[in-house]
Amino acid sequence: MQPSLDAHAVSSVSWLTCAGLRGRWLGRIEFDRACWLGQDGGVTWGRRGSTVQRSAVREAGPLGAVRVAVDDAAAGRWEALNRLAEVLIEVDAAGDEVAARSALTLVAGVSGLVVRLDRHARQAPWSGPHQDSALRRIGARFSVATSGPVAMALASMHGDGRIRERAIAAMVDRPRPEVMPFLVLRTGDWVKPVRDRARSGLALLLADDPVGYLPAVLPMSLRLDARLRGGFAVTQIRAALPSAPAEVWRGLLGSGGRRQRRFVFDIVLAEGWLRLPDLVTYAETDWDVGIRVRAADAACREAVWTRRHDVLRRLARSGRAEVRVVALTGLVRVGQDREAAACLDDDAPLVRAVARDAARRLGIDAREHYRTAAGAGEPALGAIAGLAETGSAADAPLLRPLLTHSRARVRAQAVRGLRLLEAVVVHEVLPLLRDPSPAVTREVATALRPLTGALPPGLPWQLLGDARVELRRAGYRFLRGHGVDVQLRAALVLTLDPDPRLAERGKADVTRLARDGARTTWRRTPPPDLPVTAWHGELAALAQRAAAALGEDTSRMLTTWMARTRPCG
């Protein structure tokens, strides 16, 4: 039996074009994630192209519905956020505190979702069946003494400051780690009584139990730090973390994103809680480059002060360039210039720069060193790069024999060196454009781009139709410097490319050209001229083939621009 819909829902569904999963709500809200048929309908929110049946949600329990709603709200718009609020209200009405706390954990686990939900609480369409968001209805049922954690969290985002203040009082009286992100959010509230109540409560909770509340408070505090009144929570964390046990900051370092880990690591370094072996371990093994650099800098500084040259040598052999350069600087500071100068052929530019400075103090001619190393049978990549950094066009004969070297990395570095020395000869590097190595092809394309006038006329178009992705990219780069008609034709061809990244690049360029061509006459700069002759028909055909990929707006602007253009001659 089909579920019945009231007249209002039927009229809404008919003009929202739910079958196409795309429509406009009162000319303002465009949604393409899912369509909603109301409480009596059989369809709830789901990803594009798939729907989630309410019966399946019921079978999964309340947390299953929350997971679906959170997943949709993570990238959805007003309707998805409103649906999430409704699901949370249903969880609160069930009276299961364990499920309620788990639901809040799911919401807080998605980056930025709490902030978006807070903004959503004070936004609504101008008119229609959903003028009031679900969050606004929570105020009528909220009670300081009896409401659960979900009701506290939702009431803290209410548009009425008195309700928000009551919700904060409930959070402080009955604190839970799951509601801490919502409490932190209110420490930057625009209403002073609300803001002061939240700040005093947060300070007391962090002082009483930093172990329980710091992990829950930190992510939201960092997100609010850049706001006008959002720095209070970060200040409280800086004050509370030093008094917390070691397992707290170690746990925070072992989890979270880059920003959270770097924030905690900076505090740990300032407090001096890490010993030299710990710093060396972080410098060598941590996955975040920011942590590695901070740890290497602290380890090398301590090694310099304590004359631990063995630590400096160990870090100077690290596989991470950012660690090697810090360790090499430390060796220079303790007077070990000769050890630093031994790294003249390092792959990293900064390491080579430090080594050249040390070699200069020792009286070693770095340029002669690079000339000798580049002429060897198996030159190091760092030696070729160093010659390009210190040499001149007169050193180009030393690099040209390397264009035919058996190793692809040597060939690519030789082409790059010739480009940096401004000694590129087209007929010498052009055969390498079809080198089996993509790295060589990329370097050749970069070297030949300023010299496209010396290339065979039809070569860029041949490359644009090649089977290899790097060759198609090279051909497109060569065509970018030509006239507007050539750029438009090449971009339309690239829009239809099977490689997604190339197709996206072509689409972006077509959109840019179409917008510039469709500009009104009152603009200061005139629209780009499109002098097409024999290509006019081909451009029109390409534009028609690429219409689906370009989208309705870009296709309309492109068609209008081309229609205003008249073939010359």
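Quick summary incoming for the structure in this document.

The rules behind each value
- Residues numbered from 1 in each chain as written.
- Predicted model: local features only at pLDDT ≥ 70, side-chain atom pairs only at ≥ 80, totals over all residues.
- Heavy atoms only, no water.
- Helix = DSSP H or I, 4+ residues; strand = E, 2+ residues; numbered from the N terminus.
- Buried < 20%, exposed > 50% of the residue type's maximum accessible area, 1.4 Å probe, protein only.
- Areas by Shrake-Rupley, 256 points an atom, 1.4 Å probe, with all protein chains shown as cover.
- Phe/Tyr/Trp six-rings, centres within 6.5 Å; stacked < 30°, edge-to-face > 60°.
- Polar contact = N/O pair within 3.5 Å; in protein donor to acceptor, adjacent residues only side chain to side chain.
- Contact = heavy atoms within 4.5 Å.
- Salt bridge = Lys/Arg side-chain N within 4 Å of Asp/Glu carboxyl O.
- Arc of directions from axis to C-beta.
- Axes fitted to C-alpha atoms, helices over the stretch in contact; angles between N-to-C directions.
- Left-handed = near helix turned anticlockwise from the far one by under 90°.
- Expected span 1.5 Å × (residues − 1).
- Core = buried A, V, L, I, M, F, W, Y, C linked by side-chain atoms within 4.5 Å.
- Parallel < 35°, antiparallel > 145°, perpendicular 65-115°, else oblique.
- Nonpolar A, V, L, I, M, F, W, Y, C, P; charged D, E, K, R; others polar.

1. Notes on the overall build of the protein chain
Piece 1. What the protein chain contains, in helices and strands, is 34 helices and 4 strands.
Piece 2. Every one of the 569 residues in the protein chain was classed for burial, and the buried ones make up 48%.
Piece 3. With the model as given, the accessible surface of the protein chain reaches about 27,400 Å², and the carbon-plus-sulfur share is 53%.

2. Some remarks on the packing of aromatic side chains
Piece 1. Tallying each qualifying case throughout the model produces 2 aromatic pairs.
Piece 2. When the ring of Trp249 is compared with that of Trp273, the centres are 5.7 Å apart and the planes differ by 25°; the resulting orientation is stacked. Within this pair, whereas Trp249 is found in helix H14 (residues 246–253), its partner Trp273 is found in the loop between helix H15 (258–271) and helix H16 (276–285), the two being separated by 24 residues in sequence.
Piece 3. Classification of Trp249 as buried rests on a relative accessible area of 3%.
Piece 4. For Trp273, a relative accessible area of 25% gives the class partly exposed.
Piece 5. Summarising the aromatic geometry, the rings of Phe265 and Tyr282 are spaced 5.3 Å apart at their centres and angled 70° between planes, so their arrangement reads as edge-to-face.

3. A short note on the side chain of Thr495
Piece 1. Mapped onto the elements of the fold, Thr495 is located in helix H30 (residues 484–495).
Piece 2. Look at Thr495 and you get buried, because its relative accessible area is 6%.
Piece 3. Separated by 3.5 Å, the side chain of Thr495 and the backbone oxygen of Gly506 make a polar contact.
Piece 4. Reaching out from Thr495, the side chain makes a polar contact with the backbone nitrogen of Lys507 at a distance of 3.4 Å.
Piece 5. The residues contacting Thr495, other than those within four sequence positions of it, are Ala503, Gly506, Lys507, Val510, Ala546, Ala549 and Leu550.

4. A word on the pattern of salt bridges
Piece 1. Throughout the structure, instances matching the rule amount to 37 salt bridges.
Piece 2. Note that Arg101 and Glu178 form a salt bridge whose closest N and O atoms lie 3.0 Å from each other. Residue Arg101 is located in helix H5 (residues 97–108), and its partner Glu178 is located in the loop between helix H9 (161–173) and helix H10 (180–186); the two are separated by 77 residues in the primary sequence.
Piece 3. For Arg101, a relative accessible area of 27% puts it in the partly exposed group.
Piece 4. In this structure Glu178 comes out as buried when scored by relative accessible area, which is 16%.
Piece 5. Arg164 is the partner of Asp189 in a salt bridge, and the nearest nitrogen-oxygen pair spans 2.9 Å.

5. Looking at helix H22 (residues 366–374)
Piece 1. Every buried residue of H22 is accounted for by Ala366, Tyr370, Ala373 and Ala374. Projected down its long axis, H22 carries its buried residues within an arc of 95°, all on one side.
Piece 2. Packed against the buried residues of H22 are helix H21 (349–362), helix H23 (381–390) and helix H24 (396–399).
Piece 3. A distance of 3.1 Å separates the backbone nitrogen of Arg367 from a side-chain oxygen at the start of H22, and that oxygen is part of Asp365.

6. Observations concerning the packing of helix H12 (residues 210–224) against helix H13 (residues 232–240)
In a pair of packed helices, the angle between the axes and the distance between the axes together describe the arrangement.
Piece 1. It is at 10 Å that the axes of H12 and H13 come closest, and there the two elements cross at 145°. Seen from above, H12 lies across H13 with left-handed handedness. Listed contacts from H13 to Pro210, Leu214, Val217, Leu218, Ser221 and Leu222 of H12 are Ala233, Val234, Ile237 and Ala240.

7. Describing helix H25 (residues 408–420)
Piece 1. Under the 1.5 Å per step criterion, the end-to-end length of H25 is 18 Å for 13 residues, consistent within 8% with the ideal 18 Å.
Piece 2. Taken together, the buried residues of H25 touch H23, H24 and helix H27 (438–448).
Piece 3. Following H25 by one or two positions, Glu422 has its phi on the positive side, about 55°.

8. Points about the side chain of Arg186
Piece 1. On the secondary structure map, Arg186 appears in helix H10.
Piece 2. In this structure the side chain of Arg186 is engaged in a polar contact, spanning 3.0 Å, whose partner is the side chain of Asp118.
Piece 3. Apart from the residues within four sequence positions on either side, Arg186 is in contact with Asp118, Ser156, Met157, Arg164, Ile168, Val194, Arg195 and Ala198.

9. A word on the nonpolar core
Piece 1. Counting residues in hydrophobic clusters, the biggest one holds 137 residues, and the most contacted among them are Leu84, Val264 and Leu315.
Piece 2. Here Val264 is in contact with Leu218, Leu241, Trp249, Leu252 and Leu253, once residues within four sequence places are set aside.
Piece 3. If you look at the next biggest cluster of nonpolar residues, it comprises 23 residues, including Ala491, Leu494, Ala546 and Leu550.

10. Structural notes on the packing of helix H4 (residues 78–94) against helix H6 (residues 113–120)
Piece 1. Packing of H4 against H6 brings their axes to within 10 Å, and their N-to-C directions diverge by 95°. Here H4 lies roughly perpendicular to H6, going by the angle between them. On H6, the residues that touch Trp78, Leu81, Asn82, Leu84 and Leu88 of H4 are Leu113, Arg116, Leu117 and His120.
Piece 2. Per-class residue counts for the contact of H4 with H6 are 6 nonpolar, 2 polar and 1 charged.

11. Description of unusual backbone geometry
The phi angle of most residues is negative, glycine excepted, and most peptide bonds adopt the trans form.
Piece 1. A positive phi is found at Arg307, a non-glycine position, where the angle reads about 60°.
Piece 2. Secondary-structure assignment places Arg307 in the loop between helix H17 (289–305) and helix H18 (309–316).
Piece 3. On the basis of relative accessible area, Arg307 is assigned to the exposed category, the value being 52%.
Piece 4. The backbone of Glu422 shows a phi angle near 55°, a positive value even though the residue is not glycine.
Piece 5. Considering the arrangement of structural elements, one finds Glu422 in the loop between H25 and helix H26 (426–429).
Piece 6. The class of Glu422 is exposed, set by a relative accessible area of 73%.

12. A short note on the environment of Thr554
Piece 1. In this fold, Thr554 is placed in helix H34 (residues 552–564).
Piece 2. Expressed as a C-alpha distance, the spacing of Thr554 and Ala514, which sit 40 residues apart in the sequence, is 6.6 Å.
Piece 3. In contact with Thr554, other than residues within four places in its own chain, are Val510, Thr511 and Ala514.

13. Brief notes about the environment of Asn82
Piece 1. Turning to its location among the elements, Asn82 is positioned in helix H4.
Piece 2. The spacing of Asn82 and Ala69 is 13 residues in sequence and 9.3 Å in space, taken between C-alpha atoms.

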